Amino acid sequence: MSAPIASSQKLQKAQKIEIYSRFPRIPALHFAVYVGLGALLIASIGQVSPSPERLWDGIPRIFNLMDRMLPPETDPAFLVRMGWRLLETLQIAIAGTVFGVILSLPIAWLSARRISPLPFGSFLFKGLVSLFRTIPDLVWALIFVVTVGLGAVAGTMTIVVDTIGFCGRFFAEAMEDSDQEPQVALDAIGASKFSILMSVVLPDAMPSLINTTLFALEKAIRSSVVLGLVGAGGIGQELKSAFDLFQYHKASAIILSIFVIVLIMEWITDRLREKVK
Amino acid sequence: MLQISKIRKTFGELHAVNNVTLNIPSGQMVGVIGRSGAGKSTLLRLINRLADPTSGTISFDGTNVTELKGRDLRLWRASCAMIFQQFNLIERMDVLSNVLVGRIAHHDFVSSMLRQYTDEERALAIRALDRVGMVQQALQRAGTLSGGQQQRVAIAKALVQNPKILLADEPIASLDPANATRVMDSLRTINQNDGITVLVNLHTLDTARKYCDRIIAMRAGEVRFNGAAHELSNDLVRDIYGEAGLETGIDESVTSTSIEEASSSNDNQQIA
């Protein structure tokens, strides 16, 4: 009998505390920070958000643009050229992903904690991967257009760097998460770091590595589509010139084809992912 | 002959192994007993050099093990096989590949990359699996086996290392009595037929008494007893396990994991 009484007393005590703690005193510094954040939000909305009038004025223009876009261009000569450009886009994405993944593997190994053969050097490779990741792909594309010239080569190199930024990190995490115990066993047998990588770490991390690669491929296809906007090859180039020359029928055909390609590739990678499971 | 002299391993303030000196002649089967945290595991890890000693030396047949580096260290580790409580197999790989991993220290960069093994090594692996009665499961994934089967695969892996010493760290602590018996029988036959020195950490006193030529008892990082099994008296046991609260002392059958029936009914499974 005493247990419920004790617990109800405890409950009362808890409620009492809650009443006191419901209105916490805000320290002056926190208050100042809140006011500052509020001011920043209001100022930002005022500067960059669309005003209701602008939205209102924009609606007829959207319909106007759609009117000029439809129907999409179906001229066979144009469709053939577009087809080649789409193929080039896919080539950029696939070649870039494959090279990126191949380069990511050693970089991930060197940067993975405990698994890396470099006892203290791993932060160097982690930093390199972070650098690749934090600079946006369009900026890399601009850099490569300047260094290797306009066209698909610059696009492929952009995808390579972008893929290393993505896979380098997630490969390293997958390696770090791989099963510890067999690694200790191999260490005890006298295996080298490289043997441990090949015999335990890679087989164990393989499903995760394949998954990451498929995501990287999806990502590469999406970004290879826009790389042409800055002159790095692919369908984006065609899209940009269509907009520049006010050829909106062509633009809509290109946008539709991009949509279909991305959808198909996502469907394929989804199927492959299910296979890996 | 394994000579351990004044070995010490400290983790911060803790003396995991404190001034241990032991001489273990080749071919002995030695049971190391003691409470959890007494330093048994650390002692084995020091011998294999998975852990480096704070001070002291370990030497084997005149070679100073504590000073080995690089390739020599890896070859020492290869000749000093280790078996773990959790088996530590590569669960996604098949049994045969797991056993072949035991040869890895003898392979160079390229062949370990391609995981290529010679026909002799494959034959060696099959013979080792045969000795522990696991040939039929050779192509099964290691992760699908029971704990006892996995530990036998681990023993086969140790065998293909051609070890001079076998270190077993609580090899039967996660196994049921029948499998525990089978694993201990395997270790003893390897010790007797191949003349390999076996050091085995055990939680169960009666197992140590039954299987080992010699018992080393540790407490708080120090060796409290070092002698034949029959010399280990109840007073000493009480000292080692330090059961202040237990009035009746330690009943060995309570902690026992062995069953007599298992060893006789599995005679056909036993190691040749």
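Only a predicted model underlies this, so the values are computations on that prediction, with no experimental measurement involved.

Before going further, it helps to examine the overall build of chain A. Helices and strands together make up the secondary structure of chain A, namely eleven helices and zero strands. When the elements of chain A are put in sequence order from the N terminus, they spell out α-α-α-α-α-α-α-α-α-α-α. Burial statistics for chain A: of 277 residues in total, 38% are counted as buried. Put simply, 74% of the contacts in chain A that link residues at least 6 apart link residues at least 24 apart. By element, 71% of the accessible surface of chain A is carried by carbon and sulfur atoms, the whole surface being about 16700 Å².

Counting residues in each nonpolar core, the largest one holds 80 residues, and the members touching the most others are M175 of chain A together with I33 and L187 of chain B. It is helix 9 (residues 193-227) of chain A that provides the largest number of residues to this core, a total of ten residues. Residue contacts for L187 of chain B: discarding those within four places in its chain leaves M29, I83, I155, L166, A168, P171, V198 and V200 of chain B.

A few words now on the interface of chain A and chain B. With 19 residues of chain A at the contact, the number on the chain B side is 25 residues. Of the roughly 1900 Å² buried between chain A and chain B, counting both surfaces, carbon and sulfur atoms make up 64%. Applying the counting rule to chain A against chain B returns one salt bridge. The partner of D187 of chain A in a salt bridge is R77 of chain B, and the shortest N-O contact between them spans 3.1 Å.

There is a patch of nonpolar side chains on the surface, built from I26, L29, F31, V33, Y34, V35, L37 and L40 of chain A and spanning about 860 Å² of accessible area. Topologically, L29 of chain A is positioned in helix 2 (residues 28-48).

Residue and element names in this part refer to chain B. Taking strand neighbours across the sheet as the criterion, the six strands line up as 6-7-8-3-9-10 in an open arrangement whose pairing is mixed. For this open sheet the edge positions go to strand 6 (80-83) and strand 10 (222-228), each flanked by a neighbour on one side alone. The mean inter-strand angle of the sheet, taken between neighbouring strand axes irrespective of direction, is 15°. One ladder, built from four bridges, connects strand 6 with strand 7 (residues 165-169); its direction is parallel. Each bridged residue has a counterpart across the sheet, and for A81 the counterpart in strand 7 is L166. Sitting on the sheet, helix 2 (residues 70-78) is in contact with strand 6 and strand 7, with an inclination near 55° to strand 6.

This part is about the sheet that holds strand 4 (residues 55-60) of chain B. Residues and elements named next belong to chain B. The strand order across the open sheet formed by four strands is 2-1-4-5, and the pairing between neighbours is antiparallel. Two strands close off the open sheet at either side, each with one partner strand: strand 2 (14-24) and strand 5 (63-64). Two strands pair when backbone bridges link them, and strand 1 (residues 2-11) and strand 2 are joined in this way by seven bridges, in the antiparallel orientation. Note on strand 2: the bridge partner recorded for I4 is L22.

Moving on, we get to the packing of helix 9 of chain A against helix 11 (residues 248-276) of chain A. All names here are of chain A. Contact geometry for helix 9 and helix 11: axes closest at 10 Å, N-to-C directions at 180°. By the angle class used here, helix 9 and helix 11 are roughly antiparallel. Judged by residue contacts, P207, I210, N211, L214, F215, L217, E218, I221, R222 and V225 of helix 9 engage I258, I261, V262, M265, E266, T269, D270, L272, R273 and V276 from helix 11. Partitioned by chemical class, the residues of the contact of helix 9 with helix 11 number 13 nonpolar, two polar and five charged.

Volume-wise, the largest pocket comes out at about 510 Å³. What lines the largest pocket is a set of 16 residues, and nearest its centre among them are R114, D187, K193 and I196 of chain A together with R77 of chain B. When contributions to the lining of the largest pocket are tallied by element, the ones reaching two or more residues are helix 8 (180-189) and helix 9 of chain A together with helix 2 of chain B. Residue composition of the lining of the largest pocket, grouped by class: six nonpolar, four polar and six charged. Reported here for the second largest pocket is a volume of approximately 170 Å³. Considering the residues around the second largest pocket, the lining is formed by F60, D61, T63, V65, L68, D72, L75, W76, S79 and K164 of chain B. Among the elements that make up the lining of the second largest pocket, the one with the highest residue count is helix 2 of chain B (three residues). A per-class count over the lining of the second largest pocket returns five nonpolar, two polar and three charged.

Thresholds, definitions, all that
- Residues numbered from 1 in each chain as written.
- Chains lettered and ligands numbered in written order.
- Predicted model: local features only at pLDDT ≥ 70, side-chain atom pairs only at ≥ 80, totals over all residues.
- Heavy atoms only, no water.
- Helix = DSSP H or I, 4+ residues; strand = E, 2+ residues; numbered from the N terminus.
- Buried < 20%, exposed > 50% of the residue type's maximum accessible area, 1.4 Å probe, protein only.
- Contact = heavy atoms within 4.5 Å.
- Areas by Shrake-Rupley, 256 points an atom, 1.4 Å probe, with all protein chains shown as cover.
- Core = buried A, V, L, I, M, F, W, Y, C linked by side-chain atoms within 4.5 Å.
- Buried area = accessible area lost by both parts, 1.4 Å probe.
- Salt bridge = Lys/Arg side-chain N within 4 Å of Asp/Glu carboxyl O.
- Patch = residues over 30% accessible without salt bridge, like charges linked within 9 Å, V, L, I, M, F, W, Y side chains within 5 Å.
- Pairing = 2+ DSSP bridges.
- Axes fitted to C-alpha atoms, helices over the stretch in contact; angles between N-to-C directions.
- Parallel < 35°, antiparallel > 145°, perpendicular 65-115°, else oblique.
- Nonpolar A, V, L, I, M, F, W, Y, C, P; charged D, E, K, R; others polar.
- 1 Å grid on protein atoms, 1.4 Å probe; cavity = no way out; pocket = protein on both sides within 12 Å on 5 of 7 lines; lining within 4 Å.
- Points joined across faces, edges and corners; volume = space filled by probe spheres on them.

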